[in-house]
Amino acid sequence: MTTNAAEQYELVARVERFLYQEAALLDRAGYEEWLALFEADATYSLPSTDVPGAEVGTSLFLINDDYQRLSGRVTRMLSRDAHADYPHPRTRRLITNVRVEPADDPARVAVSANFVIFSLRVGRVSQFVGEYRFVLTDHGDRFTIRSRRADLDLETLDFGGGKINLIV
Amino acid sequence: MTIVAPMQQAQDEQGDGVAVGGNGQLNRLIHEDPDAALFRVHRDAFVSQEVFEAERREVFDRCWLYVGHESEIPNPADFLTRKVGGRPLILCRDSDGGVRVHINTCTHRGAEVCREARGNSKTFKCFYHAWTYNTSGALVGIPGREAFGAGFDAEERRLQAPAGVDVYRGFVFATFNPEAESLPEYLGAAGEYIDLVADQSEAGMQVQPGTHQYSIRANWKLLVENSLDGYHLVPLHRTYFSYVRATEGEPLGKRRGTQAKDLGNGHAVILDHAPWGRPVARWAPTFGEWAREPIETRLRRLQELHGEERAQLIADTDRNLLVFPNLVINDIMGTVVRTIWPTAPDHHEVSGWALAPADMDDRLRKLTLDNFISFLGPGGFATPDDMEALESCQRGFAASREVPWSDVSRGMEKPLGEAVSSDEVQMRAFWRRWNELLGRSGSSVAEPVIR
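Residues numbered from 1 in each chain as written. Chains lettered and ligands numbered in written order. Predicted model: local features only at pLDDT ≥ 70, side-chain atom pairs only at ≥ 80, totals over all residues. Heavy atoms only, no water.

Student: Before we go on, may I ask you to explain the overall build of chain B in this structure?
Tutor: Regarding its fold elements, chain B presents eleven helices and 21 strands. By residue count, 59% of the 451 residues in chain B fall in the buried class. Counted over contacts in chain B with a minimum sequence separation of 6, partners at least 24 positions apart contribute 65%. (Helix = DSSP H or I, 4+ residues; strand = E, 2+ residues; numbered from the N terminus. Buried < 20%, exposed > 50% of the residue type's maximum accessible area, 1.4 Å probe, protein only. Contact = heavy atoms within 4.5 Å.)

This is the structure we're talking about:
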């Protein structure tokens, strides 16, 4: 029991470290390094604000990327022609309430966490608040991302400055 | 129906100078000089509080406004609540299956009788004093009814409705103007383009769950212009086209035969054959080989139902349609139904819905939704850049005294019917109608100096 508790404690600590490092990458616009965390069949999704918790494929999402589109998104964000993203906003991500559960596959973990993101650009502060749901593959010394979704608590994107010009 | 033939270009691109109709001053915001092929909009139109208030009176209180789509309330007693023209409305199906629009305010003291976004309910019970209405709007429950006197008529106290409510091909509209023309008259030639969207499937069209609910810190008319702007596509959306090119693995095809039309009454459309796939029904390699057969089957069915020529218009032609003043139906890589509601001179709210054939299987529906959000919506590869451009224009308007005019002249010298989507005849159609309506206003705005 104590071993299990210690293992669980260690697992949560590793997941937290991973989430913090991921947030740090995004906060310094290290998008290529960030993309390298994803598996080849990974997904990144953001449901519409009026249907939090929606299943992919049954409703209109704001973002529903497979790896190819996510890779296109990163290419876009690094381009000076991504006018909404360039100049990049200054962002600060706060991640908390990290919960780690077993996933269907024993090599994976299901992670939930709360987030607040402040984004500052052209004299305005935008705020995104919500919950992350990750499925991570545990390679022992590192994690890779199988799926990553962000369910926003915003009722409309107005509070978030209107548009998604950052990785939520 | 003659979609391809030139529509009667309203007023034949002939304005009559600065002052068009009316005796007010607001109509001095458009400067049109047909001889010089110049059309300019004064930037006060985008920044003035007075214009903003006049628009509410002369545009939004007078025109037919889109409320929602029948498919959003498929069953008796289904309802949704929505703000339309600044008013809180309930769109619902009554117990007989009829579409109803009620004004969402208790006739007793004013509280909203429905405070949920959507649902199914046989009654709307005010939470304040428990007056209760049925789905037809009749007042069916009044606690302590006997305490009201002889002059109290419960029939009069039913939920009120907008002055006009009508449905065109599943699209529900309302007007707050008791003198408004009928909806079919109001839509005029724009109705034919709604038909092309509604005819995508014999099973009908469905608004998909999930709403893109966003906002732009810019004047609402900038989004109207942008929604019909073929000129900006290549320069502004370079990253989207790079992405399409990379995923399609082939260079973009030459865009064939674009057109821009003034449909009269302020409505307008641009037509295109753009280098992206349309799940209804133009297959593209990026959809995957599996999707080729089901999409081509849909195309064949459209050909059987409507003939080759019309099927081509439905399936293969991209169209961006404006139904004046603020409904956009862009039938492009996805079909977006978009409403644009001004909240302040420099801020507006946008709702975007995805419309898709009701008879698509789950896989094709998913493809349709995914293709939609590749470009469209506030998390897509293109819409955020549009939003950025509009906000940047609005920031530029801070110098409207020094730089007072925006130019909307492109393609003005072209003969009737030869306008292409990168011309601006479609925007001039909007602006002329807008100007005509504001010209009826008695209010006065200082006449801009033409430089």
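The structure having been displayed, the exposition proceeds.
Student: Where do I start with the sheet that holds strand E21 (residues 405–407) of chain B in this structure?
Tutor: Each strand in a sheet pairs with another by means of backbone hydrogen bonds, the pair being arranged parallel or else antiparallel. All names here are of chain B. What the three strands build is an open sheet, ordered E1-E2-E21; its pairing is antiparallel. Taken across any chain shown, the strands that pair with only one partner, and hence form the sheet edges, are strand E1 (30–33) and E21. Direction aside, the axes of adjacent strands within the sheet are offset by 25° on average. One ladder, built from three bridges, connects strand E2 (residues 38–42) with E21; its direction is antiparallel. Counterpart to Val41 in the pairing with E21 is Ser406. (Pairing = 2+ DSSP bridges. Axes fitted to C-alpha atoms, helices over the stretch in contact; angles between N-to-C directions.)

Student: Where do I start with the sheet that holds strand E5 (residues 87–93) of chain B in this structure?
Tutor: Residue and element names in this part refer to chain B. The four strands lie next to each other as E6-E5-E4-E7, forming an open sheet whose pairing is antiparallel. Either end of the sheet is taken by a strand with one partner, and the two such strands are strand E6 (99–103) and strand E7 (118–120). When the angles between neighbouring strand axes are averaged without regard to direction, this sheet yields 25°. Examined bridge by bridge, E5 and E6 share five bridges and lie antiparallel to one another.

Student: Before we go on, may I ask you to explain the state of the cysteines in this structure?
Tutor: Structurally, a disulfide amounts to a covalent bond that connects the sulfur atoms of two cysteines. Residues and elements named next belong to chain B. Considering all chains together, one arrives at zero disulfides over all chains under this definition. With no disulfide partner, Cys92 has as its closest neighbouring cysteine sulfur the one in Cys114, 8.9 Å distant. Here Cys92 falls in the buried class, since its relative accessible area comes to 1%. With no disulfide of its own, Cys126 lies 4.0 Å from the sulfur of Cys106, the closest cysteine sulfur. The class of Cys126 is buried, set by a relative accessible area of 3%. (Disulfide = S-S within 2.5 Å.)

Student: Help me understand the interface of chain A and chain B, please; the structure alone is not making it clear to me.
Tutor: Much of the literature gives interface size as the accessible area that the parts lose upon coming together. Each side of the interface is counted separately: chain A has 34 residues, and chain B has 36 residues. Carbon and sulfur atoms make up 54% of the surface buried where chain A meets chain B, a total of about 2,900 Å² over both sides. Between the two partners, chain A and chain B, sit five salt bridges. Here Glu388 of chain B makes a salt bridge to Arg121 of chain A, at a shortest N to O gap of 3.0 Å. The tally of links between chain A and chain B comes to 18 residue pairs in polar contact (both at pLDDT 80 or more). For the side of chain A that touches chain B, the secondary structure elements donating two or more residues are strand E2 (61–65) and helix H3 (67–77) of chain A. Counting residues per element, the side of chain A that touches chain B draws most heavily on H3 of chain A, which supplies five residues. (Buried area = accessible area lost by both parts, 1.4 Å probe. Salt bridge = Lys/Arg side-chain N within 4 Å of Asp/Glu carboxyl O. Polar contact = N/O pair within 3.5 Å; in protein donor to acceptor, adjacent residues only side chain to side chain.)

Student: Can you help me understand helix H4 (residues 190–198) of chain B in this one?
Tutor: Taking burial as the measure, the nine residues of H4 of chain B include eight buried ones, the bulk of the element. Turning to H4 of chain B, its buried residues number three or more, namely Ala190, Gly191, Tyr193, Ile194, Asp195, Leu196, Val197 and Ala198 of chain B.

Student: Got a minute to help me understand the packing of aromatic side chains in this structure?
Tutor: One pair of aromatic rings is described through two measures. These are the centre distance and the angle between the planes. Residue and element names in this part refer to chain B. Counted under the stated rule, the structure contains 26 aromatic pairs over all chains. Ring centres of Tyr66 and Phe171 lie 5.9 Å apart, and the angle between their planes is 50°; this geometry places the pair in the tilted category. One end of the pair, Tyr66, is in strand E3 (residues 64–69); the other, Phe171, is in strand E12 (residues 171–175), and 105 residues separate them in sequence. This pair shows no difference in class: Tyr66 is buried, exactly as Phe171 is. In this arrangement the basic side chain of Arg87 is found over the ring face of Phe176, its NZ or CZ atom lying 4.0 Å from the centre. Directly above the aromatic system of Phe127 lies the positively charged group of Arg115, at a separation of 3.6 Å from the ring centroid. (Phe/Tyr/Trp six-rings, centres within 6.5 Å; stacked < 30°, edge-to-face > 60°. Lys NZ or Arg CZ within 6 Å of the ring centre and 35° of its normal.)

Student: What's the story with the pattern of salt bridges in this structure? I'm lost.
Tutor: When the charged atoms of two side chains with opposite charge come close together, those side chains can pair. For the structure on display, the rule yields 45 salt bridges over all chains. Asp151 of chain A is the salt-bridge partner of Arg133 of chain A, the closest N and O atoms lying 3.6 Å from each other. Residue Arg133 of chain A is located in strand E5 (residues 124–138), and its partner Asp151 of chain A is located in strand E6 (residues 143–152); the two are separated by 18 residues in the primary sequence. Given the relative accessible area of 35%, Arg133 of chain A is considered partly exposed. According to the relative accessible area criterion, Asp151 of chain A is buried, its value standing at 7%. Across the pair Glu58 of chain B and Arg62 of chain B runs a salt bridge whose closest N-O atoms are separated by 3.1 Å. Among the charged side chains, a network of salt bridges with common partners joins Arg278, Arg282, Asp316, Asp318, Arg319 and Asp331 of chain B.

Student: Would you explain the nonpolar core in this entry?
Tutor: As a rule of thumb, soluble globular proteins bury nonpolar side chains together. Counting residues in each nonpolar core, the largest one holds 134 residues, and the members touching the most others are Val15, Leu152 and Val168 of chain A together with Trp431 and Trp434 of chain B. The greatest single-element share of this core, amounting to eight residues, is contributed by helix H1 (residues 2–27) of chain A. Not counting chain neighbours up to four residues away, the residues in contact with Trp434 of chain B comprise Leu29, Ile30, Ala45, Val51, Glu55, Val59, Trp220, Lys221 and Phe324 of chain B. Among the nonpolar cores identified, the runner-up in size contains 21 residues, and Phe61 of chain A together with Leu233, Tyr240 and Phe372 of chain B belong to it. (Core = buried A, V, L, I, M, F, W, Y, C linked by side-chain atoms within 4.5 Å.)

Student: Looking at this structure, how should I read the environment of Val101 of chain B?
Tutor: All names here are of chain B. Secondary-structure assignment places Val101 in strand E6. For Val101, a relative accessible area of 4% translates into the label buried. Ignoring anything within four residues of it in the chain, the contact list for Val101 reads Leu89, Ile90, Leu91, Gln160, Ala161, Pro162, Val165 and Val172.

Student: Whenever I open this one, the side chain of His267 of chain B confuses me. Can you help?
Tutor: All names here are of chain B. Its location among the elements puts His267 in strand E16 (residues 267–272). For His267, a relative accessible area of 0% gives the class buried. A polar contact of 2.7 Å, which involves the side chain of His267, links it to the backbone oxygen of Tyr186. Those residues in contact with His267 that lie beyond four places of it in its chain are Tyr186, Leu187, Ala190, Asp262, Leu322, Val323, Phe324 and Ala429.

By themselves these figures say nothing about function.
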